[in-house]
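A structural walkthrough
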Amino acid sequence: MDWRSLIGIVVGVGAIAIAQGADGGELAALLQPSGLAVVLGGTLGALLLQCGPLRIVQAGKLLRQAYATPGHGRPDVRTLVRSWGATVRRSGALALDGAARRIADPFIARGLRLLVDGVTPSRIGEILDGDTAAFEMERRQAIRVWESAGGTAPTMGILGAVLGLVQVMQHLSDPARLGPGIAVAFVSTLYGVGFANLLFLPVANRLREQLAQELHERDLFAEAIVAIAAGEPAHLIEERVAATPAAPRRKTADATLAR
């Protein structure tokens, strides 16, 4: 887990707790199950209407990835290219069949299998580009779920506040019941804004950054595999991969997902 992210969450929640207790307020006053149910339940219902259950499940699976250590478990492009080039020089492309079986990343493994099967370089590029495009679309749809949650949660908080005020108006003649209704009203708003800005939107932003990096790495791997298939020298491929900046079209991964 990325400990910097955990520290950020702790700092954000801690600041709210300190602010609540600074003037003698009780932390227990922030625990309102009804307000939490309105915010989380309402947000989930809105997401089901907008995105559907399958996409929500896909977005949930990305939560762990969002707080994973950056770059953890990802293969190094230059190291693999150097190894592949040496193998091809010694034994030919067929010798990469074993490497394709050992690599866990399905995208890289597929590219190597295409190389081993003798597919033309242009065709390999087309297949890998299509694979990347499908991956990008699926990931963007999952990220959109978190963005939608970040936009919906504050509105659900306002809805909870309205419900709390309705309870207050219904019991004006009973002062003992005014306090809980007012508490639900304000705490619901706190839940909505808090979840949106401390969880939903940060997760969406982190996933966008990770998507941009993953797309860039996929482009580098695809370029290296196509170059090996075309018979380019391994040291030239390695140098080009090391010097290649992120493709301009991949920079849009951190832009809006509304399109």
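Here, every reference points to the structure presented above.
Every value quoted in this text rests on a predicted model; they were computed, and no experiment measured them.

So, the overall build of the protein
In terms of helices and strands, the protein carries nine helices and zero strands. With 259 residues in all, the protein has 38% of them scored as buried. A separation threshold of at least 6 residues defines the contact pool for the protein, and within that pool the share at least 24 residues apart is 78%. Entry remark: accessible area of the protein is about 14,200 Å², with carbon and sulfur atoms responsible for 64%.

Overview of the nonpolar core
Trp 84, Leu 96, Ile 108, Leu 112, Leu 128, Phe 221 and Ile 237 are the most contacted members of the largest nonpolar core, which totals 26 residues. At the level of elements, α4 (77-91), α5 (97-102), α6 (106-116), α7 (121-170), α8 (178-229) and α9 (234-243) are the ones that each hand at least two residues to this core. For this core, the leading source of residues is α8, giving seven residues. Counting 24 residues, the second-largest nonpolar core is a separate cluster that includes Ala 59, Val 187, Ala 196 and Phe 200.

Some remarks on the packing of helix α2 (residues 33-50) against α7
At a minimum axis separation of 8 Å, α2 and α7 run at an interaxial angle of 135°. Classified by the angle their axes make, α2 and α7 are oblique. Helix-helix and strand crossings are classified by hand; for α2 and α7 the assignment is right-handed. Residue-level inspection shows Val 38, Val 39, Gly 42, Thr 43, Ala 46, Leu 47 and Gln 50 of α2 in contact with α7, the latter providing Val 145, Ser 148, Ala 149, Thr 152, Ala 153, Met 156, Gly 157, Gly 160 and Leu 163. Its residues assigned to classes, the contact of α2 with α7 comprises nine nonpolar, seven polar and no charged.

Points about the packing of aromatic side chains
Within this structure, the stated rule accounts for four aromatic pairs. With 6.5 Å between their ring centres and 55° between their planes, Tyr 191 and Phe 195 make a pair best called tilted. Placement of both Tyr 191 and Phe 195 in helix α8 is noted, with a separation of four residues, approximately one turn of the helix. Residue Tyr 191 is classed as buried on the basis of its relative accessible area of 13%. On the basis of relative accessibility, which here comes to 24%, the residue Phe 195 falls in the partly exposed class. Summarising the aromatic geometry, the rings of Phe 195 and Phe 200 are spaced 6.0 Å apart at their centres and angled 20° between planes, so their arrangement reads as stacked. Among the aromatic residues, those joined into a cluster by ring pairs are Trp 146, Tyr 191, Phe 195 and Phe 200.

A word on the pattern of salt bridges
According to the stated counting rule, one finds six salt bridges in the structure shown. In this structure, Arg 110 engages Asp 131 in a salt bridge whose closest nitrogen and oxygen atoms are separated by 3.0 Å. Of the two residues, Arg 110 sits in helix α6 while Asp 131 sits in helix α7, which places them 21 residues apart along the sequence. Note that Arg 139 and Glu 214 form a salt bridge whose closest N and O atoms lie 3.2 Å from each other. Highlighted residues: Arg 139 in helix α7 and Glu 214 in helix α8, separated in sequence by 75 residues. When sorted by exposure, Arg 139 lands in the same class as Glu 214, which is buried. Each member of the salt-bridge network shares a partner with another, and the members are Arg 110, Asp 131 and Arg 218.

Brief notes about the environment of Leu 94
Secondary-structure assignment places Leu 94 in the loop between α4 and α5. When its relative accessible area of 64% is taken as the criterion, Leu 94 is described as exposed. In this structure, the C-alpha to C-alpha distance between Leu 94 and Leu 115, residues 21 residues apart in sequence, is 8.1 Å.

Describing α4
Taking 1.5 Å as the rise per residue, α4 with 15 residues should run 21 Å; its terminal C-alpha atoms sit 21 Å apart, in good agreement. Once α4 ends, the next one or two residues include Gly 92, with phi positive near 90°.

Conventions and cut-offs
- Residues numbered from 1 in each chain as written.
- Predicted model: local features only at pLDDT ≥ 70, side-chain atom pairs only at ≥ 80, totals over all residues.
- Heavy atoms only, no water.
- Helix = DSSP H or I, 4+ residues; strand = E, 2+ residues; numbered from the N terminus.
- Buried < 20%, exposed > 50% of the residue type's maximum accessible area, 1.4 Å probe, protein only.
- Contact = heavy atoms within 4.5 Å.
- Areas by Shrake-Rupley, 256 points an atom, 1.4 Å probe, with all protein chains shown as cover.
- Core = buried A, V, L, I, M, F, W, Y, C linked by side-chain atoms within 4.5 Å.
- Axes fitted to C-alpha atoms, helices over the stretch in contact; angles between N-to-C directions.
- Parallel < 35°, antiparallel > 145°, perpendicular 65-115°, else oblique.
- Left-handed = near helix turned anticlockwise from the far one by under 90°.
- Nonpolar A, V, L, I, M, F, W, Y, C, P; charged D, E, K, R; others polar.
- Phe/Tyr/Trp six-rings, centres within 6.5 Å; stacked < 30°, edge-to-face > 60°.
- Salt bridge = Lys/Arg side-chain N within 4 Å of Asp/Glu carboxyl O.
- Expected span 1.5 Å × (residues − 1).

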